[in-house]
Amino acid sequence: MLQQAFNGLVGGAFYALLALGLAVIFGMLGVVNFAHGAFYMLGAFGSYILLDHFGVGFWAALVTVPLVLGLAGALLERLFVRRLAPLDPLYNFLFTFGLALILQDLVKREYGVQSQPYPRPEALAGTVDLGLFTYPAYQVFVLAVSLVVCGAVWVVLTRTRVGMIVRAATERPELTRALGIDVGRWVTPVFGFGIALAGLAGVLAAPMRAVNPLMGADLIITVFAVVVIGGLGSIFGSVAAGFAIGLVSALGNLYVPALSQTLVFILMAAVLLWRPAGLFGREESPS
Amino acid sequence: MIASRPAARPLLLATGLLLALALPWMVYPPVALDIACWALFAAALDLLLGFTGLLSFGHAAFWGTSAYVAGLIALRSGLPFPVAVLGGAASAALLALPIGYLSVRLRGIYFAMVTLAFAQMVYFVVNQWRGLTGGENGLQGVPRELFGLDLSDSFLFYYAGLPLVLLGFLAVWRIVRSPFGRVLASIRDNPARAQALGYPVDRYRLLAFVLSAALSGLAGGLFAVGHGFASLENVYWTTSGQVVMMVVLGGIGTLWGGVLGAALVVLLNDYLVTSGFEGIGIVTGAIFVIIVLVFRRGVWGTARDLVRPRSGGGRRDRPPGEADGTPARPQGVGSPV
């Protein structure tokens with residue numbers, strides 16, 4: 001059972017990374033990025049392509065793929081998302097939905113729907129003795145990376161000037177602007193950063209999950225449920241809900257296997273009934 | 001909002017009816033049925049998106065549930081197909097009650113996300129419940145007959161099913177035109193004021209949601225019976241996305257624009273499939289991106305504004321200051337409630 005719990009935390013690590021990216025982008029731009037799952041998929045395919053065509057290994061991919069995707073995300077924000085931002089947020093949702101369809105089918109055309117193999121990095125091929133049970137080293141690594149990244153983002157948001165500006169711009173964009181802070185300057189980097197997180201999650205997923213064009217779409221809908229549970233306006237809530245949902249679904253899988261896929265949505269329904277703004281969301285509406 | 005001048009309205013209606021009757025002669029009959037079903041589906045979604053201001057991204061749940069229920073009724077009971085289809089529509093409405101009850105508490109983009117998530121839940125349930133739904137194989141061999149009359153010919157079935165579609169359209173049209181529909185429009189434009197005037201906003205939204213789901217179910221059930229099978233694709237999120245695209249392509253809040261959008265998308269898909277093109281998502285996605293970026297009023301909205309100069313009461317359904325036809329929703333993005 002402890003092992004199942006650990007599995008859950010590893011699964012939650014992916015939810016948390018994706019939910020974090022979704023939440024910072026949403027906070028800064030008010031955009032729900034449907035293409036987030038597609039960028040996760042591109043992250044996995046990016047590392048697969050690097051290895052398969054260029055012989056570039058996992059460690060290099062872990063750095064370059066998120067970087068490249070982050071830049072692509074920044075470009076995407078500059079060219080398109082920014083133009084739609086003043087309109088109803090639904091338009092950006094529809095825009096990124098279309099984008100996700102395009103990216104997914106482009107990859108599908110090139111590589112088909114079957115899963116591509118990606119080997120574990122050699123340094124992490126073994127197992128780790130965690131005292132009560134042994135566990136694959138790679139999964140421990142994924143969990144550690146995710147915790148470190150989420151923790152680092154938390155520190156940046158709460159302890160640095162940049163983080164202060166981002167938080168202020170998230171909560172009260174007009175007021176922040178009125179105080180003389182150039183909010184627009186931070187929008188593009190934050191968007192790029194959110195996409196880079198999705199790419200990072202994709203690279204991490206490549207060695208332990210099936211690399212195929214559809215891997216992102218189904219996952220992102222579950223992540224939507226996760227951030228609704230956590231409270232989409234809340235960055236902390238999204239990450240916490242990510243890990244918690246991972247844990248709960250793994251345990252649910254153990255005790256009620258029939259519910260394994262639907263449990264997260266049932267939880268979402270329960271949260272909506274009890275606290276429509278999400279566990280960590282704010283109830284009050286902005287002026 | 002629907003027809004430009006009172007004199008043009010009967011003319012447009014007659015043209016539409018003629019087109020609906022002539023459709024199986026103009027295109028391959030199964031495609032004609034697809035167009036009719038998707039058109040009703042799009043109109044049902046527009047009832048919610050354009051006339052209530054709620055973007056549901058999970059309408060595949062209702063279309064698909066009804067497809068399965070209608071298929072099961074027809075398969076297991078042998079009742080005439082309209083009963084099966086109406087049963088499917090009823091099941092969609094029933095499913096919409098809890099989903100709508102929970103979802104209408106949220107606004108704008110949150111509503112879209114939550115409906116999408118619930119639809120995904122329905123998809124997983126249908127996928128897992130193999131004994132009833134056939135899992136990945138779907139339901140096959142759904143009979144198409146009416147009182148012993150064999151309707152497996154698509155051409156015949158189109159005319160047998162058309163009354164149901166027209167009935168659905170009549171319902172949508174009546175709802176939009178009714179005092180109830182005017183309340184919905186006021187909720188779309190200014191929920192706070194509607195609430196202040198004493199209308200229970202969430203209850204109205206829920207009722208609109210259930211009605212929209214029932215009509216989507218009517219379309220989905222007929223679609224499944226018409227094809228003789230129900231498949232997982234009927235409940236998948238791509239179906240939800242496709243119907244949203246039809247409405248946006250035709251023009252949000254134009255009702256008949258969705259019909260046009262449905263016809264265009266079905267014909268385009270049919271063309272792509274028959275020409276052996278593999279990446280339909282690339283084309284579909286590109287259309288999505290282009291209409292959202294540069295063509296937000298949609299085909300019908302653009303045409304209407306060309307025909308009729310912007311003046312007087314004709315545009316009373318648009319909030320003032322929204323000259324480009326973008327529906328205004330004043331809710332902030334910071335809080336979901």
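Quick caveat, the model's predicted, so the values are computed rather than measured.

A closer look at the overall build of chain A
Counting secondary structure elements, chain A contains 11 helices and two strands. For chain A, the sequential pattern of α-helices and β-strands runs α-α-α-α-β-β-α-α-α-α-α-α-α. A globule of 287 residues ought to have a C-alpha radius of gyration of about 19 Å, and chain A, at 19 Å, matches this closely. Across the 287 residues that make up chain A, the buried fraction comes to 53%.

A short note on the nonpolar core
In terms of nonpolar packing, the biggest core is built from 213 residues, with A:Ala19, B:Leu40 and B:Ala117 touching the most fellow members. Beyond its immediate stretch of four places on either side in the chain, B:Leu40 contacts B:Val165, B:Gly168, B:Phe169, B:Leu215, B:Leu218 and B:Ala219.

Some words on the UniProt feature "transmembrane region" (unreviewed entry) in chain B
Per the UniProt entry, the sites bearing "transmembrane region" (unreviewed entry) are residues 81–102, 109–126, 156–176, 206–230, 242–268 and 280–299 of chain B in this numbering. Along residues 280–299 of chain B the backbone is 85% helical and 0% strand, and the end-to-end C-alpha distance reaches 21 Å.

Regarding unusual backbone geometry
Although it is not a glycine, B:Leu255 adopts a positive phi angle of roughly 65°. Considering the arrangement of structural elements, one finds B:Leu255 in the loop between helix 11 (237–250) and helix 12 (256–274).

Description of helix 2 (residues 36–54) of chain A
Here helix 2 of chain A spans 26 Å end to end across 19 residues, near enough to the 27 Å set by a 1.5 Å rise per residue. Among the 19 residues that make up helix 2 of chain A, 14 are buried, leaving the element largely enclosed by the rest of the structure.

A short note on the packing of helix 11 of chain B against helix 12 of chain B
Residues and elements named next belong to chain B. Two elements in contact, helix 11 and helix 12, have axes separated by 7 Å at closest approach and are oriented at 120°. Put simply, helix 11 runs oblique to helix 12. Here helix 11 and helix 12 pass one another in a crossing that is right-handed. Side by side, helix 11 and helix 12 meet where Gln242, Met245, Met246, Val247, Leu249 and Gly250 of the first sit next to Gly257, Gly258, Val259, Leu260, Gly261, Ala262, Leu264 and Val265 of the second.

Rules of the game
Throughout this description, residue numbers start from 1 for each chain and increase along the sequence as written. Here chains are named by letter from A upward and ligands by number from 1 upward, in the order in which they appear as written. Where local features are concerned, this predicted model is filtered to residues with pLDDT of at least 70; where side-chain atom pairs are given and counted, the filter is 80 or more; whole-chain, interface and lining totals use all residues. Numbering goes from the N terminus for both helices and strands, where a helix is a DSSP run of H or I of at least four residues and a strand is a run of E of at least two. Put simply, the radius of gyration uses C-alpha atoms, and a globule should come to 2.2 Å times the residue count raised to 0.38. The exposure label follows from counting other C-beta atoms within 10 Å of a residue's C-beta, where the C-beta atoms are placed from the backbone and the thresholds are 20 or more for buried and 12 or fewer for exposed, leaving partly exposed in between. Linking buried Ala, Val, Leu, Ile, Met, Phe, Trp, Tyr and Cys residues through C-beta atoms within 7 Å yields a set, and such a set is a nonpolar core. For every residue pair, C-beta atoms are placed from the backbone, and the pair is scored as a contact if these atoms sit within 7 Å. UniProt positions are given in the numbering used here, feature names are shortened, and annotations may be inferred rather than shown by experiment. Expected helix span is computed as 1.5 Å times (number of residues minus one). For every element, the axis is a line fit to its C-alpha atoms; helices are fit only across the contacting stretch, and the angle between N-to-C directions ranges from 0 to 180 degrees. The labels follow the angle: roughly parallel below 35 degrees, roughly antiparallel above 145, roughly perpendicular from 65 to 115, and oblique for the rest. In a left-handed crossing the near helix is turned counterclockwise from the far helix by less than a right angle, and in a right-handed crossing that turn is clockwise.

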